[in-house]
Amino acid sequence: MNIAFFLLPKEQVAFLKTNSTVRQALEKLEHHRYTAVPVLDDKGRYSETVTEGDLLWTIKNTPGLNFETSHRFSISGIKKERLIKSVYINAQMEDLLSLIATQNFVPVVDDHDVFIGIVRRSDIIEYCSNQLFAIKGLRFQNFPLHDIN
């Protein structure tokens, strides 16, 4: 199967630029309710991913950095705890699956390393669930989770 089938295109993905500030990163994560967001360079190439944890540790460990001053600090200075790897659009499904097991999403790039979108773990799980249920002659349904009090 071609990974393009699972691609959420760049136009539908929230991302940051390498020259973005910590404040812009915080606001983008909050607005979209994401825990991580890809970062692109000025040529549109995938550079890295910034996570909530990266931002929190940076704020904790950087003197003078707080929400009020976060517009003065660039995300380029943030130490990343995890390397979020990308795949090429023509990669094999096995390559994608090995990454999606440990990443919430996998950035996808073209032959020039230009970011073209992401594949979300949830889409892969839903597809696999549908395939499994189809084999058993059932239909997969997303049931809401209930809080246990």
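Note that the coordinates shown come from a computational prediction; the quantities given were computed from them, not determined experimentally.

Colleague: Would you mind going over the sheet that holds strand 6 (residues 105-109) in detail, with residue names and values included?
Modeller: The strand order across the open sheet built from 4 strands is 1-7-6-5, with neighbouring strands paired in mixed fashion. Of all strands in the sheet, those bounded by a partner on one side alone are strand 1 (8-9) and strand 5 (87-88). Relative to strand 6, strand 5 runs parallel, the two being bridged by 2 bridges. What sits directly across from Val87, in strand 6, is Val108. Sitting on the sheet, helix 3 (residues 93-100) is in contact with strand 5, strand 6 and strand 7 (115-120), with an inclination near 140° to strand 6.

Colleague: Lay out the pattern of salt bridges with the relevant residues and their values.
Modeller: A side chain of one charge can pair with a side chain of the opposite charge if their charged atoms are brought near each other. Applying the stated criterion to the full structure yields 4 salt bridges. The residue Glu48 makes a salt bridge to Lys80 at a minimum N-O spacing of 3.2 Å. Placement of Glu48 in strand 4 (residues 46-51) and of Lys80 in the loop between helix 2 (52-61) and strand 5 is noted, with a sequence separation of 32 residues between them. With a shortest N-O distance of 3.0 Å, Asp123 and Arg120 are connected by a salt bridge.

Colleague: So what's going on with the packing of helix 1 (residues 22-32) against helix 2? Residues and values would help.
Modeller: To characterise two packed helices, one gives the angle between the axes of the helices and the distance between these axes. Viewed as axis vectors pointing N to C, helix 1 and helix 2 meet at an angle of 140°, and their least axial separation amounts to 11 Å. As judged from the angle between their axes, helix 1 and helix 2 are oblique. Read as a crossing pair, helix 1 and helix 2 show a hand that is left-handed. Residues Val22, Ala25, Leu26 and Leu29 of helix 1 lie in contact with helix 2, whose contacting residues are Glu52, Leu55 and Ile59. Here the contact of helix 1 with helix 2 is composed, by residue class, of 6 nonpolar, no polar and 1 charged.

Colleague: Explain the pairing of strand 3 (residues 36-40) to me, and be specific about the residues and the numbers.
Modeller: The buried fraction of strand 3 amounts to 5 of the 5 residues, a majority that puts the element mostly inside the structure. Here strand 3 shows two buried faces, one formed by Ala36, Pro38 and Leu40 and the other by Val37 and Val39. Bridge count between strand 2 (residues 16-17) and strand 3: 2 bridges; the pairing is parallel. Bridge assignment links Leu16 to a residue of strand 3, and that residue is Val39. Alignment of strand 3 against strand 4, held across 5 bridges, turns out to be antiparallel. Within strand 4, the residue paired with Ala36 across the bridge is Thr51. Counting the residues that bridge the hairpin from strand 3 to strand 4 gives 5 residues, and of these Gly44 lies at a positive phi of roughly 85°.

What counts and how
- Residues numbered from 1 in each chain as written.
- Predicted model: local features only at pLDDT ≥ 70, side-chain atom pairs only at ≥ 80, totals over all residues.
- Heavy atoms only, no water.
- Pairing = 2+ DSSP bridges.
- Helix = DSSP H or I, 4+ residues; strand = E, 2+ residues; numbered from the N terminus.
- Contact = heavy atoms within 4.5 Å.
- Axes fitted to C-alpha atoms, helices over the stretch in contact; angles between N-to-C directions.
- Salt bridge = Lys/Arg side-chain N within 4 Å of Asp/Glu carboxyl O.
- Parallel < 35°, antiparallel > 145°, perpendicular 65-115°, else oblique.
- Left-handed = near helix turned anticlockwise from the far one by under 90°.
- Nonpolar A, V, L, I, M, F, W, Y, C, P; charged D, E, K, R; others polar.
- Buried < 20%, exposed > 50% of the residue type's maximum accessible area, 1.4 Å probe, protein only.

Keep in mind these values describe shape, not function.
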